[in-house]
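Now for the letters of each chain:
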Amino acid sequence: MVYRKLSRFIRYGLGGGVAVGGAVAVMKYHDTDYDSLAIVRLTRAACTAVDIGRTYKSILYSKEWDKSSKEYIQAKSKAHQIGAEKLLDLCRTNKGVYIKIGQHVGALDYLLPTEYVMTMRVLHKDAPRNTIEELYKVIKEDLKQDPNELFIEFDPEPLGTASLAQVHRAKLKDGTEVAVKVQHHFVRKNTKIDLKWIELIINTMSKVFPDFQMQWLVDETKKNINKELDFLQEGKNAEKVSALFSDYKWLKVPKIYWDYSTERVLVMEYVNGGQVNDVKYIDENKIDRYNLCLKLGDLYSHMIFVSGFVHSDPHPGNILVRKDEGDKDVTVYLLDHGLYAQLSEKFRYHYSKLWLSIIGRNREEMKIHAEELGIPKDLYGLFACMVTGRPWDVILKGIDRTKPSSQEKSTFQNELPNFLHHVTQCLEHVNREALLVLKTNDLIRSIEYALGMQARMCGFMVMTKCCTKSIYQLEYKKENSLLKRQYLNTKYIWSLLMLYVYNVFLKLREKIIMYS
């Protein structure tokens, strides 16, 4: 039945010259930039969607299953893996915004099936690349000079390739070593039509597969893509975050060379180091794993809860670490500032309240603040699990009392797909600002697990402290009564004291466990 619906879609919506021509005519009417190559990309995308549907039909929907059985779980994992590999092939072939959406999928570690997340994660560092001639053409068009006149060296091997651009090491005429980010030449031309087509396919898939609700992913991409295509805005974001966190001496943001930068070309200070989850590099350079996780938790917690200006593309490829011989502290380099979000005060307040209610195991407060963030009343518990990345029984015991483990993570990820329909409901209804925070939470957790620091709960204390500070600042700002302001001051100081005492307790407990 499922596959018949998909087949009907491909037959009447895409298959055959008349149907394809009609679809093209509709698209072309709304998008004057449409060109002849688009038909190949559109057909490829539609065929992939049908092929994935056929996979699920043949493996999962061709017979009745006991959904608690080991055989069903194995069959579901197999279907997910085949589907993920087909989707990866499509993203690599169609490039551009397809890569961007694939990267989103690869960042949602706790919210989507593991097979999709792990398969798509390769796109964070291994996206398709352009030739050096194609890069030079963009540079020449934008800077009105031959690249050979601008650079005395230009390494043809990219430092990294992403959905919208790739980065190369180069040297300016004065010998300054720089990183040159060049936008893919095809991106602007294809983005609008690609997004329309992806949205059409996702809408169709959601009707065929009720569990498949991914409109939120398209909405986020549509909202943000124009910001990411403007590299001048990226440069401004880099300078703003550098100023906001100027007192973080261990944090570095590459300098922007404005004389060589345009909307499609960005020339930055060249930096090198190891990727933040590269355990071998971190150990070889004697970087304290615990201290590194504390710093990252501090940085992102302050972004989310205090400044509200949040780095919106959090994945390990955008964070480098370095500690040279003789350095007392590790240096963290934050890269790729193309997309930032300014979180509203209302969102920060209710998200902070939600976090503290989870710690306090106050189910009524969880329900109230989850609902303020757009979550249906009956899904507040699931949303609490998505926020913390921990099972509901652990939340009820107290996430501050039970240390995360690899086994817990495995159980969580294995069980979550059984509630996929409810997960996608949460993602469809939740305040869009929360999607970014969920991605950031996943980043911090994935780094802690990669470095084996999950049991140390590095980000827990600083996140709680930042939540407390955020609530205090927002309530103090809205309060006019001097007496009530004094009360808020006293309450805030008392909360910090309790957090300090609890932190000391955790450290003592850890030492006792270590030496017992």
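See the structure printed just above.
Quick look at the structure, then. Everything quoted here is computed from the prediction, not taken from an experiment.

Notes on the overall build of the protein chain
Now for step 1: Summing up its helical and strand segments, the protein chain has 22 helices and 11 strands in all.
Now for step 2: Buried residues in the protein chain amount to 52% of all 516 residues.
Now for step 3: In the protein chain, once contacts between residues fewer than 6 apart in sequence are set aside, the share between residues at least 24 apart is 68%.
Now for step 4: As displayed, the protein chain has an accessible area near 24,400 Å², and 54% of this comes from carbon and sulfur atoms.

Some points on the pattern of salt bridges
Now for step 1: Going through the model one piece at a time under the given rule, you end up with 15 salt bridges.
Now for step 2: Here E177 and R169 are joined by a salt bridge, their closest N and O atoms 3.3 Å apart.
Now for step 3: According to the relative accessible area criterion, E177 is partly exposed, its value standing at 33%.
Now for step 4: Judged by its relative accessible area of 19%, R169 is buried.
Now for step 5: Ionic pairing is found between D329 and K295, a salt bridge with its closest N-O pair at 3.2 Å.

Focus on the packing of helix α13 (residues 289-307) against helix α21 (residues 458-478)
Now for step 1: Close contact between α13 and α21 brings their axes to 8 Å; oriented N to C, the two are set at 20°. In terms of orientation, α13 and α21 fall into the roughly parallel class. The chirality of how α13 crosses α21 is right-handed. Residues Y290, C293, L294, G297, D298, S301, H302, F305 and V306 of α13 lie in contact with α21, whose contacting residues are C458, G459, V462, M463, C466, C467, K469, S470 and Q473.
Now for step 2: Among the residues forming the contact of α13 with α21, the class breakdown is 10 nonpolar, six polar and two charged.

What about the side chain of T48?
Now for step 1: Topologically, T48 is positioned in helix α3 (residues 38-59).
Now for step 2: For T48, a relative accessible area of 14% gives the class buried.
Now for step 3: Leaving out residues up to four positions away in the same chain, T48 has contacts with K86 and L90.

Topic: the packing of aromatic side chains
The geometry of an aromatic ring pair is captured by two quantities: the separation of the ring centres and the angle between the planes.
Now for step 1: With the rule as written, the count across this model stands at 11 aromatic pairs.
Now for step 2: An angle of 80° between the planes, with centres 5.3 Å apart, marks the rings of Y136 and F154 as edge-to-face. Separated by 18 residues along the polypeptide, Y136 in helix α7 (residues 132-143) and F154 in strand β1 (residues 151-154) bring together distant segments of the chain.
Now for step 3: On the basis of an interplanar angle of 85° and a centroid distance of 5.2 Å, the ring pair of F245 and Y248 is categorised as edge-to-face.
Now for step 4: Exposure remark for F245: the relative accessible area of 5% places this residue in the buried category.
Now for step 5: Here Y248 falls in the buried class, since its relative accessible area comes to 10%.
Now for step 6: Between K240 and the ring centre of F309, over which it is positioned, the NZ or CZ distance is 4.2 Å.

Parameters at a glance
- Residues numbered from 1 in each chain as written.
- Predicted model: local features only at pLDDT ≥ 70, side-chain atom pairs only at ≥ 80, totals over all residues.
- Heavy atoms only, no water.
- Helix = DSSP H or I, 4+ residues; strand = E, 2+ residues; numbered from the N terminus.
- Buried < 20%, exposed > 50% of the residue type's maximum accessible area, 1.4 Å probe, protein only.
- Contact = heavy atoms within 4.5 Å.
- Areas by Shrake-Rupley, 256 points an atom, 1.4 Å probe, with all protein chains shown as cover.
- Salt bridge = Lys/Arg side-chain N within 4 Å of Asp/Glu carboxyl O.
- Axes fitted to C-alpha atoms, helices over the stretch in contact; angles between N-to-C directions.
- Parallel < 35°, antiparallel > 145°, perpendicular 65-115°, else oblique.
- Left-handed = near helix turned anticlockwise from the far one by under 90°.
- Nonpolar A, V, L, I, M, F, W, Y, C, P; charged D, E, K, R; others polar.
- Phe/Tyr/Trp six-rings, centres within 6.5 Å; stacked < 30°, edge-to-face > 60°.
- Lys NZ or Arg CZ within 6 Å of the ring centre and 35° of its normal.

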